[in-house]
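Residues per chain are reported as follows:
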Amino acid sequence: MNAAVATSVFGAFMVVTVALGLLAVRGRGNRGRDGLAEWSVGGRSLGTVFIWVLMAGEGYTSFSYLGAAGWGYNYGAPVLYVVAYMSCGYAVGYVVGPMLWAYARRHGLVGITDMVAHRFGRPWLGALVAVLATVFLLPYIQLQITGMGVVVSTISYGAISLNWAYFIAFAVTTGFVVVSGLRGSAWVSVLKDVLVIATLGFLAFYVPMHYFDGYGPFLDRIVTEKSEWLTFPGHGDSGLGQAWFITTSFLNSLTVVIFPTTVAGYLGAKNADVLRRNAMWLPAYNVLLFVPMLLGMAALFVVPGLVGAESNLALFRLVVDSLPAWAVGVIGVAAALSSIVPMAVFMLVIGTMWGRSVLSLVPRWQQRQKGAAQTVVVAAGVIALVLTYTAPNTLVRLSLISYEGMAQLLPMVLLGLVWRRLTLLGAMAGLVVGVGVVCGFVFTENDPVWGVNAGIVALGANLAVALAVTYAGPREHDDRPDGDVLARDEPEERQETAGSREPELSGVGISEASDAPAGA
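What counts and how
Residues numbered from 1 in each chain as written. Predicted model: local features only at pLDDT ≥ 70, side-chain atom pairs only at ≥ 80, totals over all residues. Heavy atoms only, no water. Helix = DSSP H or I, 4+ residues; strand = E, 2+ residues; numbered from the N terminus. Buried < 20%, exposed > 50% of the residue type's maximum accessible area, 1.4 Å probe, protein only. Contact = heavy atoms within 4.5 Å. Salt bridge = Lys/Arg side-chain N within 4 Å of Asp/Glu carboxyl O. Core = buried A, V, L, I, M, F, W, Y, C linked by side-chain atoms within 4.5 Å. Patch = residues over 30% accessible without salt bridge, like charges linked within 9 Å, V, L, I, M, F, W, Y side chains within 5 Å. Areas by Shrake-Rupley, 256 points an atom, 1.4 Å probe, with all protein chains shown as cover. Expected span 1.5 Å × (residues − 1). Phe/Tyr/Trp six-rings, centres within 6.5 Å; stacked < 30°, edge-to-face > 60°. Lys NZ or Arg CZ within 6 Å of the ring centre and 35° of its normal. Axes fitted to C-alpha atoms, helices over the stretch in contact; angles between N-to-C directions. Left-handed = near helix turned anticlockwise from the far one by under 90°. Nonpolar A, V, L, I, M, F, W, Y, C, P; charged D, E, K, R; others polar. Polar contact = N/O pair within 3.5 Å; in protein donor to acceptor, adjacent residues only side chain to side chain. Parallel < 35°, antiparallel > 145°, perpendicular 65-115°, else oblique.

Enquirer: Give a detailed account of the overall build of the protein, specifying residues and quantitative values.
Expert: Within the protein, the regular secondary structure consists of 25 helices and 0 strands. Out of the 520 residues in the protein, the part that is buried amounts to 59%. Residue pairs at least 24 apart in sequence account for 85% of intrachain contacts in the protein once pairs closer than 6 positions are excluded.

Here is the structure:
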């Protein structure tokens, strides 16, 4: 009976989710080439509320209900790096977001692959970045499939097997994103955020009161019995000390602003002021992240002895053991939507990068970029699903270098868009060194290295090589004016003027640039 009630609640909300996705795109025709702008960046027309919930959704994935509680259960204090880097990242995004938005709108671009291809005048460079970014994004899709599968199986009280739960996660999300695109994800984010705020707010009060008679006794027990969890490096020999915390927070706060999914949110805004307001309000949303972290530590006393992957179920063990089935179903829906929304954006971004920057290099696909992107979405989902079944540890291991690997694009993307002197050869050399160093550290299990995040060591080497090669090599010639090459955060009145004459998504900006030598 409990399984029937919880799964019925879950199924009803999944129907509502698909319906919202369909309503979001009702009456929306194709714009530009094959409607790629409408599908991938919401026609660049999303307002403050939709951008806020969409970008906040990236901070509330299945990690919020599973990983954050699991980290709190296993380590304690080090998990607070998530709150630190996201809040700092929003501050960086206040400056970077409008700059990238203006650059993309001025040249009719839809992602970072477009931006680097346009900046350096080489379409093949966009394809290369698309391939590299896909390698670092696929693990997130696999992890969301895994997370949602675990949630579905748990709230069904084991009635739905993990294998079927994984397939449900894949099928719902893939169908949803192919049909609705970024606009549908934004609409569903509203539903997801309402449920996340309601469920986490409820659990923040319910669990301490139910199990400990209030926060006072709960915190007293942590201080008395689990004080190791409240200091760095936390419980156990994790190596996640103060230096790791600082370097990881710093690196991730820079990386998150060029993460392809974040950029998709930037480019969906109708103007740059939406992004500035968004950057000011988003940190408030991070307050909720403290809830699963604390409840993970509460589970230490209620369900002790969880080891390995079982620790990720710490929060749901509390939920299933103490709440009625209908409440388990609602909390399960909130957790499932926290997988669906970011997974949909990850898949959409991979599809857009390949449709726009890789497959568009093939003549027969140039006029069908949206169709190509949707095909890639399905392919990416299938690959992640198959690897979830056959080689789960492969992508889980790759997930360790996702953020640290994506960070190696920082010089090419951010430095390249503000400093014209950076050459293509310098940016490429730095990227190769950075990715090589971070992979070497991670796959030899030397992360952290010397007590700091391996990604920041790799980024330092990346930047040093990029600057050395740029200054030692010949200056590259490019006849384009600075306005066509570099990113500028334009005043609002100039943005509105530019918006009225936005170029079609035909790749003109890139193809014209490719006729000229790259760089500065």
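What follows continues from the structure just given.
Enquirer: Would you mind going over unusual backbone geometry in detail, with residue names and values included?
Expert: Omega for the peptide link from Phe 232 to Pro 233 comes to 5°, which places this bond in the cis form. Relative to the elements of secondary structure, Pro 233 occurs in the loop between α10 (215-225) and α11 (242-255). Here the amide bond leading from Asp 447 into Pro 448 is cis, since omega sits at 5°, within 30 degrees of zero. Topologically, Pro 448 is positioned in the loop between α21 (424-443) and α22 (454-472). Phi at Tyr 157 takes a positive value of approximately 55°, unusual for a residue other than glycine. A relative accessible area of 31% means that Tyr 157 is categorised as partly exposed.

Enquirer: Now, about the pattern of salt bridges: what can you tell me, with residues and values included?
Expert: All told, the structure shown has 4 salt bridges when counted by the stated rule. Taking the shortest distance from any N to any O, the salt bridge between Arg 221 and Glu 225 comes out at 3.2 Å. In this pair, Arg 221 and Glu 225 are both assigned in helix α10, 4 residues apart and thus about one turn of the helix distant. Of the residues examined, Arg 221 reaches a relative accessible area of 33% and is grouped as partly exposed. By relative accessible area, Glu 225 is classed as partly exposed at 45%. Salt-bridge contacts for Arg 480 lead to Asp 478; the nearest nitrogen and oxygen are separated by 2.7 Å.

Enquirer: Lay out the nonpolar core in plain terms, naming residues and giving numbers.
Expert: Counting 149 residues, the largest nonpolar core has Tyr 65, Met 115, Ile 141, Ile 145, Leu 409 and Met 412 as its most contacted members. Here this core takes 20 residues from helix α16 (residues 325-358), the largest share from any one element. What Ile 145 contacts, discounting residues up to four positions off in sequence, is Tyr 166, Ala 169, Phe 170, Met 343, Gly 381, Ala 384, Leu 385 and Thr 388.

Enquirer: Tell me about a nonpolar patch on the surface, and please be specific about residues and values.
Expert: On the surface, Tyr 94, Val 95, Met 280 and Trp 281 cluster together into a nonpolar patch covering about 470 Å² of accessible area. Counting only elements with at least two residues in the nonpolar patch, the list comes to α6 (81-107) and α13 (272-285). Turning to its location among the elements, Tyr 94 is positioned in helix α6. On the basis of relative accessibility, which here comes to 35%, the residue Tyr 94 falls in the partly exposed class.

Enquirer: Describe helix α14 (residues 290-302), and please don't skip the residues or the numbers.
Expert: Helical geometry: 3.6 residues make up each α-helical turn, so side chains three or four residues apart lie on a common side. Over its 13 residues, α14 runs 19 Å from end to end, which matches the ideal 18 Å to within 8%, given 1.5 Å per residue. Val 291, Pro 292, Met 293, Leu 295, Gly 296, Met 297, Ala 298, Ala 299, Leu 300 and Phe 301 are the residues of α14 that are buried.

Enquirer: So, the packing of aromatic side chains: which residues are in play, and what are the values?
Expert: In the structure shown here, the tally under the stated rule is 20 aromatic pairs. Measuring from ring centre to ring centre gives 6.1 Å for Tyr 166 and Tyr 389, while their planes differ by 55°; the resulting arrangement is tilted. Remark: Tyr 389 occurs in helix α17 (residues 369-390) and Tyr 166 occurs in helix α9 (residues 162-212); sequence separation between them is 223 residues. Of the residues examined, Tyr 166 reaches a relative accessible area of 11% and is grouped as buried. We classify Tyr 389 as partly exposed; its relative accessible area is 35%. Between Phe 212 and Phe 218, the aromatic rings sit 4.9 Å apart at their centres with planes inclined by 35°, giving tilted as the arrangement. The two residues Phe 212 and Phe 218 agree in class, both being buried. One aromatic cluster is present, formed by Trp 71, Tyr 75, Tyr 81, Tyr 85, Tyr 140, Trp 244, Phe 259, Phe 346 and Tyr 403 through successive ring pairs. Positioned over the ring face of Phe 120 is Arg 119, at 4.5 Å from the centre of the ring.

Enquirer: I'd like a rundown of the environment of Val 345, residues and numbers included.
Expert: Note on placement: Val 345 falls in helix α16. For the pair Val 345 and Gly 265, spaced 80 residues apart in sequence, the C-alpha separation works out to 9.0 Å.

Enquirer: Before we move on, can you summarise the packing of α6 against α11 with the specific residues and values?
Expert: Where α6 meets α11, the closest approach of the two axes is 8 Å, and the angle between their N-to-C directions is 40°. As for how α6 packs across α11, the hand of that crossing is right-handed. For the pair α6 and α11, the contacting residues are Tyr 81, Ala 84, Tyr 85, Cys 88, Gly 89 and Val 92 in the first and Trp 244, Phe 245, Thr 248, Ser 249, Asn 252, Ser 253 and Leu 254 in the second. Classifying every residue of the contact of α6 with α11 gives 8 nonpolar, 5 polar and no charged.

Enquirer: Describe α13, naming the residues involved and giving the relevant values.
Expert: Here α13 spans 21 Å end to end across 14 residues, near enough to the 20 Å set by a 1.5 Å rise per residue. Among the residues of α13, Ala 272, Val 274, Leu 275, Arg 276, Asn 278, Ala 279, Leu 282 and Tyr 285 are the ones counted as buried. Regarding α13, its N-cap is Asn 271, as a side-chain oxygen of that residue lies 3.1 Å from the backbone nitrogen of Asp 273 further along.

Enquirer: Tell me about the packing of helix α8 (residues 123-155) against α21, and please be specific about residues and values.
Expert: Put simply, α8 and α21 touch, their axes get as near as 13 Å, and they point 15° apart. In terms of their interaxial angle, α8 and α21 are classed as roughly parallel. For the element pair α8 and α21, the recorded crossing hand is left-handed. Here Trp 124, Leu 125, Leu 128 and Leu 132 of α8 lie close against α21, whose contacting residues are Leu 424, Met 428, Leu 431 and Val 435. Here the residues of the contact of α8 with α21 sort into 8 nonpolar, no polar and no charged.

So, to be careful, I would describe these as geometric facts and stop short of saying anything about function.
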